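Secondary and tertiary structure notes
Single-letter residue listing:
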Amino acid sequence: MTLLTSSWTPLTGASHAIALDVLINGPLSRAELARRLDLSAGSLTRLARPLVDAGLLVEVGAHNGDPRAGDARIGRPERPLDVVPTSHHFIGIKLTGDTAYGVLTTLRAEAVAAESRPLTDSAPQAVCAVIAELVARLATRGPAVTAVGISIGGQAPDHATVVAAPFLHWADVPLAAMVEDLTGLPTVVENDVIALTEAEHWFGAGRGLDRFAVLTVGAGVGFGLVLRGHLITSPDAGLGLVGHIPLDPSGPLCFAGHRGCSTAMLTMPSIAAGASVALRRPVDYDDVLDLALAGDPAAGQIVADAGRALGRLIALAANLTMPERVVLSGEGVRLVEVARPQIDEALAANRDPQASPLDLDVRPGDFTQWARGAAVIAIQTYVLGSD
Ligand SMILES: [Zn+2]
């Protein structure tokens, strides 16, 4: 099989649309693709040829979905186009304040292997050494790796330099270049919520939707938005702009002094800290959820308040952006399961009674999902383009 060469440039325009439609929905016949993308048969054939020549798309056996596929009566039997997901592999890395989580994926962002390493030293060179070790380890689990994506709770507006990453106390770290030097692999850096939103957009709960929102709860609170099939972003996206929205006037204070903001009400450290004070013993986030389920009144109150705050935040997001679906994710997403009655109560209180019921999709929020988001950014940046 022909593999993409080092001279390959990411796709744009109609070529991007063709490759992306086949990647997400393939196999598709040329006739079906032309119809879906509103292209003439001639344009489609002309645009698809270099993608086939480069090995990104392949002709596969006729499939049954399209009655014209393989029909000899209209001339040469037509073979649908597809991708070979295993033709390229990518590594995604999600950095938190204390761990590097890595995943090896195919071109369709299917996870093949996952590994993690603790970060005992947050100095950039020490973290890059851990990333390089993780990349080397994951690279042994599959064929050659095309590119690496790294996602981080912070700002990386040029996809190369981490301008700010509070969890690691970083400012202006040229992370992509540092990792490329150590691994020899093309590397891209992106904000973690943007990366997770792109993974849902192309390969998850947002697939095929015109408008959807992603809300994450975990170490922080994140929000991602796709409108008209495009991720909405700005250089400020990595600042965590939804982190301090007021949600409960009688809630606790966040580190910045806001009463009942989204950080104070919804982040795992805040919930664990509040419960540890109320219970007069140290408990972690999952302990609090378990205690609430077991009927502990103090933990139950904190979890119920968090549920109402999350319902209010979901309602605000939906009222302002009018999504077809709200995807809930993040490593603290178990809150949704435990506090669903309070979430629904707050949604009802904060939405117009005539508003359509919200389509909430709760996704696994584990760190493999975050790391997979980083791999999707590598797929976009080095193979498919992103618009
Ligand atoms: Zn705050």
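The structure displayed is predicted, hence computed values, not measured ones.

**What about the confidence of the model for the protein?**
Overall, the predicted model of the protein reaches an average pLDDT of 92, with 94% of residues at or above 70. Note that residues 64-73 has pLDDT below 50 and, in this model, 12 contacts with residues that lie over four places away or in other chains.

**Details of the sheet that holds strand β14 (residues 360-362)**
By definition, the strands of a sheet pair up through backbone hydrogen bonds, in either a parallel or an antiparallel sense. Sheet architecture is open: five strands sit in the order β12-β11-β10-β13-β14, paired in mixed fashion. Looking at the sheet topology across the chains shown, the edges are occupied by β12 (230-231) and β14. Across three bridges, the pairing between strand β13 (residues 325-329) and β14 is parallel. Looking at β14, one finds that Val-326 is bridged to Leu-360.

**A look at the coordination of the zinc ion**
Distances from the zinc ion to its protein donors, His-244 (ND1), Cys-254 (SG), His-258 (ND1) and Cys-261 (SG), fall at 1.9 to 2.3 Å. For the zinc ion, the four donor atoms in the first shell make angles of 94 to 134° at the metal, a pattern classed as tetrahedral. Donor residues for the zinc ion, ordered by position in the chain, follow H-x9-C-x3-H-x2-C. Here Cys-254 matches Cys-261 in class, with each residue buried.

**Regarding the packing of aromatic side chains**
Tallied over the full model, the rule gives two aromatic pairs. Pairing Tyr-101 with Phe-367 gives two aromatic rings, centres 4.1 Å apart and planes at 10°, and the pair type is stacked. With Tyr-101 in strand β4 (residues 99-106) and Phe-367 in helix α13 (residues 367-384), the pair connects residues that are 266 residues apart, well separated along the chain. According to the relative accessible area criterion, Tyr-101 is partly exposed, its value standing at 21%. You can call Phe-367 buried: its relative accessible area is 18%. Here Trp-202 and Phe-203 contribute two aromatic rings whose centre-to-centre distance is 6.0 Å and whose plane-to-plane angle is 75°, an arrangement assigned as edge-to-face. Take Trp-202 and Phe-203: they sit in the same class, and that class is buried.

**Examining the pattern of salt bridges**
Using the criterion set out here, one finds 16 salt bridges in the structure. A salt bridge links Arg-363 to Glu-200, with the nearest nitrogen and oxygen atoms 2.9 Å apart. One end of the pair, Arg-363, is in the loop between β14 and α13; the other, Glu-200, is in helix α6 (residues 192-203), and 163 residues separate them in sequence. With a relative accessible area of 3%, Glu-200 lands in the buried category. Arg-334 is the salt-bridge partner of Asp-286, the closest N and O atoms lying 2.7 Å from each other. Taken together, the positions of Asp-286 in helix α9 (residues 285-293) and Arg-334 in helix α11 (residues 334-338) put the pair 48 residues apart, joining distant regions of the chain. Assessed through its relative accessible area of 37%, Asp-286 is described here as partly exposed. It is possible to trace a salt-bridge network through shared partners that takes in Glu-115, Arg-117, Glu-133, Arg-137 and Arg-141.

**Overview of α9**
Every buried residue belonging to α9 is among Tyr-285, Val-288, Leu-289, Leu-291 and Ala-292, and all of these are buried. An end-on view of α9 places all buried positions within 165° of arc, on one side of the element. A distance of 3.2 Å separates the backbone nitrogen of Asp-286 from a side-chain oxygen at the start of α9, and that oxygen is part of Asp-284. Downstream of α9 by a residue or two, Gly-295 has a phi angle that is positive, lying close to 95°.

**A word on unusual backbone geometry**
Residue Gly-26 is joined to Pro-27 through a cis peptide bond whose omega torsion reads 5°. With respect to the element layout, Pro-27 can be found in the loop between α1 (13-25) and α2 (30-37). Residue His-159 is not a glycine yet carries a positive backbone phi of 65°. Inspection of the secondary structure puts His-159 in the loop between β6 (145-152) and β7 (162-165). For His-159, a relative accessible area of 38% gives the class partly exposed. Although it is not a glycine, Asp-172 adopts a positive phi angle of roughly 50°. Relative to the helices and strands, Asp-172 is located in strand β8 (residues 170-173). With a relative accessible area of 56%, Asp-172 lands in the exposed category.

**Concerning the pairing of strand β10 (residues 212-217)**
Looking along a regular strand, one sees the side chains alternate between the two faces of the sheet. Among the six residues in β10, six count as buried, and that is most of the element. Burial along β10 is two-sided: Phe-212, Val-214 and Thr-216 and Ala-213, Leu-215 and Val-217, pointing in opposite directions, are all buried. The pairing of β10 with strand β11 (residues 221-227) spans six bridges and is classified as antiparallel. The residue bridging Thr-216 from the neighbouring strand is Gly-222, located in β11. Adjacent in sequence and paired antiparallel, β10 and β11 are bridged by three residues.

**Description of the packing of helix α8 (residues 268-279) against helix α10 (residues 297-321)**
Across the interface, α8 lies against α10 with an axial gap of 9 Å and an inter-helix angle of 150°. What the angle tells us is that α8 and α10 run roughly antiparallel. Where α8 crosses over α10, the handedness of that crossing is right-handed. Contacts between α8 and α10 involve Ile-271, Gly-274, Ala-275, Ala-278 and Leu-279 from the first element and Ala-298, Ile-302 and Ala-306 from the second. Split into classes, the residues belonging to the contact of α8 with α10 amount to seven nonpolar, one polar and no charged.

What counts, and at which threshold
All chains use their own residue numbering, which begins from 1 and follows the written sequence. For this predicted model, a pLDDT threshold of at least 70 governs which residues receive local features, and a threshold of 80 or more governs which side-chain atom pairs are given and counted, while totals over whole chains, interfaces and linings are taken from all residues. The side-chain figures draw on all heavy atoms in the structure; neither hydrogens nor water molecules are used. As a per-residue measure, pLDDT tells how confident the predictor is, with possible values from 0 to 100. In this description, contact between two residues means that some pair of their heavy atoms is separated by no more than 4.5 Å. Strands pair, by our definition, only if DSSP identifies at least two bridges between them. Helix and strand assignments come from DSSP, with helices taken as H or I runs of at least 4 residues and strands as E runs of at least 2, each series counted from the N terminus. Only nitrogen, oxygen and sulfur atoms qualify as donors, provided they sit within 2.8 Å of the metal or within 3.2 Å for Na, K and Ca; with water excluded from the atoms, sites may seem incomplete. In these descriptions, tetrahedral denotes four donors with every angle between 85 and 135 degrees, square planar four donors and octahedral six donors with opposite donors over 155 degrees apart and the rest between 65 and 115, and irregular any other case. Partly exposed residues are those whose accessible area sits between 20% and 50% of the maximum for their type, while under 20% is buried and over 50% is exposed, using a 1.4 Å probe and protein chains only. We call Phe, Tyr and Trp rings a pair once their centres come within 6.5 Å, taking the six-membered ring for Trp, and we label the pair stacked below 30 degrees between planes, edge-to-face above 60, and tilted otherwise. Definition used for salt bridges: Asp or Glu carboxyl oxygen within 4 Å of a side-chain nitrogen of Lys or Arg. Note that the arc is computed from the directions linking the helix axis to the C-beta atoms. Here a polar contact means two N or O atoms within 3.5 Å. Within protein one must be a hydrogen donor candidate and the other an acceptor candidate, and residues neighboring in sequence count only if both atoms are side-chain atoms. Angles here are taken between N-to-C directions and fall from 0 to 180 degrees, while the axes themselves are lines fitted to C-alpha atoms, restricted in helices to the stretch in contact. These descriptions rest on fixed angle ranges, namely under 35 degrees for roughly parallel, over 145 for roughly antiparallel, 65 to 115 for roughly perpendicular, and the rest for oblique. It is the rotation of the near helix from the far one that decides the hand of a crossing: anticlockwise by less than a right angle makes it left-handed, clockwise makes it right-handed. All amino acids are sorted into three groups, where Ala, Val, Leu, Ile, Met, Phe, Trp, Tyr, Cys and Pro are nonpolar, Asp, Glu, Lys and Arg are charged, and the leftover types, Gly among them, are polar.

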